[in-house]
Amino acid sequence: MRSLVAGTILLWLTAATADAQSPQERLAPCLACHGANGQSQIPEVPSLGAMPAFYVMVQLYMFRERMRPIEPMTEMLKGVSDDDLRKMADLIAALPAPQPVATPAEPARAERARVLIQQNRCNICHLPNFAGIENVPRLAGQGEDYLLKSLRGYKDNSRRGYDAQMADVITPLTDADFADLAHFLARAK
């Protein structure tokens, strides 16, 4: 019985400590992977700098609610209030935009990507500078490997989205198309 009481008290103290964390404190472990300066240095981990706050808040909500069950995000957001999710999203949106890849795009790949962007109206939702807006993510300067992973995930339905338009756009595209788009967008400013 004592061990049950002690375990309950320990669990309560741990939860109380977690609840007492500020949004900045909660964000620290996130930025360890996603980049304290807004730019991830870890392969296939997205850069979060300058992401639209509303988009980030929705993603955080989806992680917390297990709609996008990706550990460790889901676990770290357990019990975080909607208000704290908004504050975290605002902090992330204020981080500097990620720097594009320094090497220039290969001309043929860049041209194929521009054609795909025009055909599929990527520059409408994501904006002509690919900075994103509201519920649409920033693509400019995002890691090429992460962009490729995301596009593939939308196509094979392993990445959950909340906008059916993305699935409509992705369906006819090939993996070679994805590679050209990721190559171009990683170099966009």
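Let me begin by describing the structure that accompanies this report. (Residues numbered from 1 in each chain as written. Predicted model: local features only at pLDDT ≥ 70, side-chain atom pairs only at ≥ 80, totals over all residues. Heavy atoms only, no water.)

## Considerations on the packing of aromatic side chains
Okay, step 1: In total, this model carries one aromatic pair according to the counting rule given.
Okay, step 2: Seen in terms of ring centroids, Phe130 and Phe184 are 6.3 Å apart; in terms of plane orientation they differ by 90°. Their pairing is edge-to-face. In this pair, Phe130 is assigned in the loop between α7 (122-125) and α8 (144-156) and Phe184 in helix α10 (residues 175-185), connecting sequence segments 54 residues apart. (Phe/Tyr/Trp six-rings, centres within 6.5 Å; stacked < 30°, edge-to-face > 60°. Helix = DSSP H or I, 4+ residues; strand = E, 2+ residues; numbered from the N terminus.)

## Examining the state of the cysteines
Okay, step 1: All told, the structure shown has zero disulfides when counted by the stated rule.
Okay, step 2: Between Cys30, a cysteine without a disulfide, and Cys33, which holds the nearest cysteine sulfur, the sulfur-to-sulfur distance is 8.5 Å.
Okay, step 3: Under the relative-accessibility criterion, Cys30 is labelled buried at 10%. (Disulfide = S-S within 2.5 Å. Buried < 20%, exposed > 50% of the residue type's maximum accessible area, 1.4 Å probe, protein only.)

## Focus: the nonpolar core
Okay, step 1: Residues Phe130, Leu181 and Phe184 are the most contacted members of the largest nonpolar core, which totals 21 residues.
Okay, step 2: At five residues, the largest contribution of residues to this core is made by α10.
Okay, step 3: Apart from the residues within four sequence positions on either side, Phe130 is in contact with Ile117, Asn123, Arg138, Leu139, Ala140, Phe184, Leu185 and Ala188.
Okay, step 4: Counting 18 residues, the second-largest nonpolar core is a separate cluster that includes Met51, Met73, Val80 and Leu95. (Core = buried A, V, L, I, M, F, W, Y, C linked by side-chain atoms within 4.5 Å. Contact = heavy atoms within 4.5 Å.)

## Details of the environment of Glu25
Okay, step 1: With respect to the secondary-structure elements, Glu25 resides in helix α2 (residues 23-34).
Okay, step 2: Of the residues examined, Glu25 reaches a relative accessible area of 45% and is grouped as partly exposed.
Okay, step 3: Considered as a pair, Glu25 and Met88 are 63 residues apart in the sequence and their alpha carbons are 9.6 Å apart.

## Side note on unusual backbone geometry
Okay, step 1: Here the residue pair Glu71 and Pro72 is connected by a cis peptide bond, since its omega of 10° sits within 30 degrees of zero.
Okay, step 2: Summarising the element assignment, Pro72 is placed in the loop between α3 (53-64) and α4 (73-76).
Okay, step 3: Positive phi is not limited to glycine here, since Arg66 has a value of about 65°.
Okay, step 4: Along the polypeptide, Arg66 turns up in the loop between α3 and α4.
Okay, step 5: Arg66 sits in the partly exposed class, given a relative accessible area of 48%.

## Some words on the packing of α8 against α10
Okay, step 1: With their axes 8 Å apart at the nearest point, α8 and α10 run at an angle of 145° to one another. For the pair α8 and α10, the crossing hand works out as right-handed. For the pair α8 and α10, contact is made by Glu144, Leu147, Leu148, Leu151, Arg152 and Lys155 and by Asp175, Phe178, Ala179, Leu181, Ala182, His183 and Leu185, respectively.
Okay, step 2: Its residues assigned to classes, the contact of α8 with α10 comprises eight nonpolar, one polar and four charged. (Axes fitted to C-alpha atoms, helices over the stretch in contact; angles between N-to-C directions. Left-handed = near helix turned anticlockwise from the far one by under 90°. Nonpolar A, V, L, I, M, F, W, Y, C, P; charged D, E, K, R; others polar.)

Everything listed here is a matter of geometry and, on its own, says nothing about what the molecule does.
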